[in-house]
Amino acid sequence: METTGNPSVFLLTVNGQIEGANFPDYDNLYCKYCYVYGHDWAPTTGLEEGITQITSKSIQSHRLIWNFPLETTFKSTNPSGWPQLVVSVYGPDVFGNDVVRGYGATHIPFTPGQHTRTIPMFVPEPTWRLQKFTGWLLGRRPEYTDPKVVAQGEGREVTRVRSQGFVTVSFHIMTKDMKKMGYDTGPSTPSTV
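All figures in this text were calculated on a predicted structure; none of them were measured in a lab.

### Thoughts on the nonpolar core
Core analysis: the largest hydrophobic core is formed by 28 residues, its most contacted members being I18, W66, L85, V87, I108 and V167. Of all the elements in the fold, those that place two or more residues in this core are β1 (10-22), β2 (30-36), β5 (64-76), β6 (84-92), β8 (113-124) and β9 (161-176). With residues up to four places along the chain from it excluded, the contact list for V167 reads I18, G20, A21, F23, W66, V87, V89, R117, T118, I119 and M121. Counting residues in hydrophobic clusters, the runner-up holds twelve residues, among them V36, V100, Y144 and V150.

### So, the packing of aromatic side chains
All told, the structure shown has eleven aromatic pairs when counted by the stated rule. Ring geometry for F10 against W41: centres 5.5 Å apart, planes inclined by 80°, an arrangement best described as edge-to-face. Note that F10 is positioned in strand β1 and W41 in the loop between β2 and β3 (42-46), a separation of 31 residues in sequence. We classify F10 as buried; its relative accessible area is 0%. A relative accessible area of 4% places W41 in the buried class.

### Some points on unusual backbone geometry
Non-glycine residue N28 carries a positive phi angle of around 55°. Owing to a relative accessible area of 34%, N28 belongs among the partly exposed residues under this scheme. At N67, a position not held by glycine, the phi torsion is positive, near 50°. Within the element layout of this structure, N67 appears in strand β5.

### A look at the pairing of β2
Across the seven residues of β2, six count as buried, placing the element largely inside the fold. As defined by bridge partners, β2 adjoins β6 across seven bridges and the pair is classed as antiparallel. When the bridges of β6 are listed, C31 appears paired with V89. When β2 meets strand β4 (residues 49-51), the two strands line up antiparallel, connected through three bridges. Each residue of the ladder has a partner; that of Y33, found in β4, is G50.

### Thoughts on the pattern of salt bridges
Under the counting rule described, the total for this entry stands at three salt bridges. Here E125 and R162 are joined by a salt bridge, their closest N and O atoms 3.0 Å apart. On the criterion of sequence distance, the pair formed by E125 in the loop between β8 and α1 (129-138) and R162 in strand β9 is long-range, its members being 37 residues apart. A residue is classified by how much of its surface remains accessible, and R162, at 37% relative accessible area, is partly exposed.

### Some remarks on the side chain of R101
Among the structural elements, R101 can be located in strand β7 (residues 98-107). Buried charge without a salt bridge: R101, with D93 as the nearest opposite-charge side chain at an N-O distance of 6.0 Å. Among the polar contacts made by the side chain of R101, one reaches the side chain of Y26 at a distance of 3.5 Å.

Definitions and cut-offs
- Residues numbered from 1 in each chain as written.
- Predicted model: local features only at pLDDT ≥ 70, side-chain atom pairs only at ≥ 80, totals over all residues.
- Heavy atoms only, no water.
- Core = buried A, V, L, I, M, F, W, Y, C linked by side-chain atoms within 4.5 Å.
- Buried < 20%, exposed > 50% of the residue type's maximum accessible area, 1.4 Å probe, protein only.
- Helix = DSSP H or I, 4+ residues; strand = E, 2+ residues; numbered from the N terminus.
- Contact = heavy atoms within 4.5 Å.
- Phe/Tyr/Trp six-rings, centres within 6.5 Å; stacked < 30°, edge-to-face > 60°.
- Pairing = 2+ DSSP bridges.
- Salt bridge = Lys/Arg side-chain N within 4 Å of Asp/Glu carboxyl O.
- Lys, Arg positive; Asp, Glu negative; His and termini not counted.
- Polar contact = N/O pair within 3.5 Å; in protein donor to acceptor, adjacent residues only side chain to side chain.

By themselves these figures say nothing about function.
Here is the structure:
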């Protein structure tokens, strides 16, 4: 028996890859990613978080290449809380400790199709010079206990940060039943008079 009627949810499928990064002062970096989304959203398939391999710069290029796949499907009843991709890049300091080299976030594109995003990265900075020196000496630099805070505005208004590097992500976005639920994310067509 076939059921007809209006769907109760729409689907958002995210395929793509974390292509690479540009961190001129650093090498041997890896990337962690996770998604942040609203209360009405739920992942149905795929991974919500992951970690790439460590990569080094080639002699010909100063870019770091990961080409790490992303593949997740979400369901929701409304677009509020649209998913964001949060990336954190880590690498060794002069003492061999893994330290954060950058945080960044971007919304998953709203429209179906191919998209490329360049995410500007930043790192938290200590407030005082003594904290900076002590952090360097002990290998304990400021970092967020939960990287998901990067995708939220609350609690970040007093954080001192420094820009540092970029991460490039490519997306292939597919949606299902958004138009049936009254949401149009496609290109607008000009009306004819």
